[in-house]
Amino acid sequence: MTHSHGNLLGEPAPTLLPGNPEADAALAAGTPAAEVAANHPTVSAAWAALGETALAEGATIEAYAYARTGYHRGLDALRRNGWKGYGPVPWSHEPNRGFLRCVTVLAKAAEAIGETSEQERCTQLLRDCDPTLAP
């Protein structure tokens, strides 16, 4: 007879951030990310969009700054929602994606400017949040 046991160390339940329907609708409608970020500065998805665009345009320092802002806004939101600095933050939950995208942009921008320790820290955070994100 086999037994299936969960994590006996008691890993916390996944943290699921609440959405922001107004900001989400604005982004989906094509409202410029800078406008959404100005109107909803706590929404990581707006900062992620700004960072992704800057990175694609070769504006690495701007991408780093946007991603860093969204990352910190996301950490604040995660903590408000019970995250203790560890545990799952699944990509499958749409409202988590803004934060996770910011961490991804931050890792890429850090790598581009040679900030290896930041790139490694961000990559590990992605692995810790959702192992499917950073092979």
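Rules of the game
Residues numbered from 1 in each chain as written. Predicted model: local features only at pLDDT ≥ 70, side-chain atom pairs only at ≥ 80, totals over all residues. Heavy atoms only, no water. Phe/Tyr/Trp six-rings, centres within 6.5 Å; stacked < 30°, edge-to-face > 60°. Helix = DSSP H or I, 4+ residues; strand = E, 2+ residues; numbered from the N terminus. Buried < 20%, exposed > 50% of the residue type's maximum accessible area, 1.4 Å probe, protein only. Core = buried A, V, L, I, M, F, W, Y, C linked by side-chain atoms within 4.5 Å. Contact = heavy atoms within 4.5 Å. Axes fitted to C-alpha atoms, helices over the stretch in contact; angles between N-to-C directions. Parallel < 35°, antiparallel > 145°, perpendicular 65-115°, else oblique. Left-handed = near helix turned anticlockwise from the far one by under 90°. Nonpolar A, V, L, I, M, F, W, Y, C, P; charged D, E, K, R; others polar.

(A) Representation of the packing of aromatic side chains within the structure. Inspection of the entire model under this criterion finds two aromatic pairs. Between tryptophan 47 and tyrosine 66 the ring centres are 6.3 Å apart and the planes differ by 35°, which places this aromatic pair in the tilted class. Of the two residues, tryptophan 47 is situated in helix 3 (residues 44-56) and tyrosine 66 in helix 4 (residues 60-80); the sequence distance between them amounts to 19 residues. Tyrosine 66 sits in the partly exposed class, given a relative accessible area of 29%.

(B) Structural context of the nonpolar core. Among the nonpolar cores identified, the biggest contains 36 residues, and Tyr71, Val89, Phe99, Val103 and Leu125 are the most heavily contacted of them. Going through the elements one at a time, helix 1 (21-28), helix 2 (33-39), helix 3, helix 4, helix 5 (97-112) and helix 6 (116-129) are the ones with two or more residues in this core. The element best represented in this core is helix 5, accounting for nine residues. Dropping the residues within four chain positions of it, valine 89 is found in contact with Thr15, Leu78, Trp83, Asn96, Phe99, Leu100, Cys129 and Asp130.

(C) Highlighting the packing of helix 5 against helix 6. Direction vectors running N to C along helix 5 and helix 6 enclose 155°, while the axes themselves pass 8 Å from each other. For the element pair helix 5 / helix 6, the angle class is roughly antiparallel. The way helix 5 lies across helix 6 gives a crossing that is left-handed. Each of Phe99, Leu100, Val103, Thr104, Leu106, Ala107, Ala110 and Glu111 in helix 5 lies in contact with helix 6, whose residues at this interface are Glu118, Gln119, Cys122, Thr123, Leu125, Leu126 and Cys129. Considering only residue class, the contact of helix 5 with helix 6 consists of 10 nonpolar, three polar and two charged.

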